[in-house]
Amino acid sequence: MEVKENAPLAPLTTLGVGGNARLFVRTESIHDVEAAVAFSREKGLALFVLGGGSNVVISDWGWDGLVLQIGIPGIDEHATGRFNVGAGVNWDAFVAHAVSRNYSGIECLSGIPGSVGGTPVQNVGAYGQEVSQTITSLLAFDLAENRVRELSAAECGFSYRTSIFNTSQRGRYVILRVSYALEQDGKPRLQYADLQKYFAGSDGSPSLAETRKAVRNIRASKGMLITPGDPDSRSAGSFFKNPVLTSAELEELTRCAAERNLRVPRFPALAQQHKISAAWLVENSGFSKGYERGATGISSKHALAIVNRDGATAAEIIALKEEIQARVEQVWGIHIEPEPVFVGF
Ligand SMILES: Cc1cc2nc3c(=O)[nH]c(=O)nc-3n(C[C@H](O)[C@H](O)[C@H](O)COP(=O)(O)OP(=O)(O)OC[C@H]3O[C@@H](n4cnc5c(N)ncnc54)[C@H](O)[C@@H]3O)c2cc1C
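Reference entry: report on the structure contained in this document. (Residues numbered from 1 in each chain as written. Predicted model: local features only at pLDDT ≥ 70, side-chain atom pairs only at ≥ 80, totals over all residues.)

**Looking at the nonpolar core**
To keep it simple, the criterion reads: To define a nonpolar core, we join buried Ala, Val, Leu, Ile, Met, Phe, Trp, Tyr and Cys residues through C-beta atoms within 7 Å and take the resulting set. In this scheme every C-beta is placed from the backbone, and a residue whose C-beta has 20 or more other C-beta atoms within 10 Å is buried, one with 12 or fewer is exposed, and one in between is partly exposed. Note that contacts rest on C-beta atoms placed from the backbone: two residues are in contact if these are within 7 Å.
Formed by 86 residues in total, the largest nonpolar core has its most connected members in Val57, Val67, Ala140 and Leu176. Leaving out residues up to four positions away in the same chain, Leu176 has contacts with Ile30, Val33, Ile72, Ala87, Leu139, Ala140, Phe141 and Val148.

Right under this line is the structure:
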């Protein structure tokens, strides 16, 4: 286990901002994780667990402690459709593997950056699928009880973009392996309008591989696929969650929109849960795609992605986030919650 001092964190993230870790270690086994945790305790260092760095904003001061990056490898199929996957495996590589073996259940999650271990944390979801639909259990190091233990899917407390790992038990577990149950020869899920439009006019039903390709193409057109050379993908993905409203709040929003001759878009997939589009709120609060604010701005392809245009600082990213939140609140009376994790602030 190699411990590095003063290690730059920005290059380990998709947004590319922030300072250094006082100490940094990349672990490739459960044993290494236990050793790194023991080391941080012995030295009295605050611990931060990093995966693929695609959902974090690191402060300009960095992390004054130990950053533990999880690199545990391995995709094991232990029964038909039952996969045990190392937390350090690249998520999209696992999706590619599953699709190539004709397993359904995660094809709509193609192209999401980051690690397998990062997926349960915010119950990653896109285009009508969420990992909570296929995760059966996971193995984690419990920092409170100082032992490795298994958590069932029910114990993970999954909900929209949340789990116990980013709410009630934040910082308690280091996820080591995740188990998924996929369906062999299953049909792709084509619930989302974007996907239905993509395949409109094509003969027969698309295969899992065609669905994966479609999802990646749609994501690329929105800057939501990490594409070298595309400045719109230097982001942390969607910076804000879609707000969940009560019926009364939704009624009030619809009334306010009508006064401005606007209609609140109701996407079937969001409507079921009284969710409304954060992108619509942002775009109807005076921000447009391509909005610029110094070295930061909004992606020219997606209103919810804050991008690091050119050497931005974390402080500049936060200033833009706050400007957007304040304007949405002022115009619509709705507070939009950020999605990424803020580290070292
Ligand atoms: C271009 C782009 C598009 C995106 N699109 C989507 C999308 O469609 N849907 C979606 O849900 N998300 C999306 N995201 C967000 C992000 O990719 C996911 O949240 C991803 O699962 C984060 O995984 P990660 O390994 O990069 O985690 P990191 O960014 O490294 O960490 C995020 C959080 O998870 C914790 N964490 C990571 N690994 C572990 C572990 N092994 N054990 C314990 N805690 C851990 C960290 O401590 C941190 O709190 C997108 C991001 C980008 C940049």
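From this point, things continue past the structure.
**A word on the site of the ligand**
This is how it is decided: Near residues are defined by distance alone, with the backbone-placed C-beta atom required to lie within 6 Å of the molecule or strand. Numbering of helices and strands starts at the N terminus; helices are DSSP runs of H or I of at least 4 residues and strands are runs of E of at least 2. Throughout, the ten residues Ala, Val, Leu, Ile, Met, Phe, Trp, Tyr, Cys and Pro are labelled nonpolar, Asp, Glu, Lys and Arg are labelled charged, and all others, Gly among them, are labelled polar.
Every one of the 34 residues lining the ligand counts as a neighbour, but Gly51, Gly114, Gly117, Gly118 and Gly237 are closest to it. Breaking the shell around the ligand down by element, the ones donating at least two residues are strand S3 (46-50), strand S9 (125-126) and strand S13 (173-181). Of all the elements, S13 adds the most residues to the shell around the ligand, at 3 residues. For the shell around the ligand, the residue count by class is 18 nonpolar, 16 polar and no charged.

**Remarks on the sheet that holds strand S11 (residues 135-142)**
What counts is decided by this rule: Two strands form a pair only when DSSP identifies at least two bridges running between them. Axis lines are fitted to C-alpha atoms, over the contacting stretch for helices. Their N-to-C directions set the angle, which ranges from 0 to 180 degrees.
In spatial order, the strands read S6-S7-S13-S11-S12; together these 5 strands make up an open sheet with antiparallel pairing. Looking at strand neighbours, the two that pair on one side only are strand S6 (75-79) and strand S12 (147-152), the edges of this open sheet. Each strand axis lies, on average, 25° off the axis of its neighbour in the sheet, ignoring direction.

**Quick word on the sheet that holds strand S17 (residues 306-308)**
In a beta sheet, neighbouring strands pair by backbone hydrogen bonds and run either parallel or antiparallel. Spatially, 3 strands are ordered S15-S16-S17 in an open sheet, and the strand pairing comes out antiparallel. Strands at the two margins of the open sheet, each flanked by one partner only, are strand S15 (292-293) and S17. Where strand S16 (residues 296-298) lies against S17, 3 bridges are found, and the strand directions are antiparallel. By the bridge assignment for S17, Gly297 is matched with Val307. Its contacts with the sheet place helix H9 (residues 314-332) against S15, S16 and S17, and it is angled at close to 160° to S17.

**Observations concerning helix H1 (residues 30-43)**
Here is the rule: Here a helix's expected span is defined as the number of its residues, less one, multiplied by 1.5 Å. Think of it as the arc spanned by the lines of direction from the helix axis to the C-beta atoms.
Across its 14 residues, H1 extends 20 Å between first and last C-alpha, which sits within 8% of the 20 Å expected from 1.5 Å per residue. Turning to H1, its buried residues number three or more, namely Val33, Ala36 and Ser40. For H1, the angular spread of buried residues about the axis comes to 65°, placing them on one side. For H1, the exposed residues set more than 90 degrees away from the buried face come down to His31, Ala38 and Glu42. Taken from the residues just after H1, Gly44 is the one with a positive phi, measuring 65°.

All quantities given are derived from atomic positions and should not be read as evidence of function.
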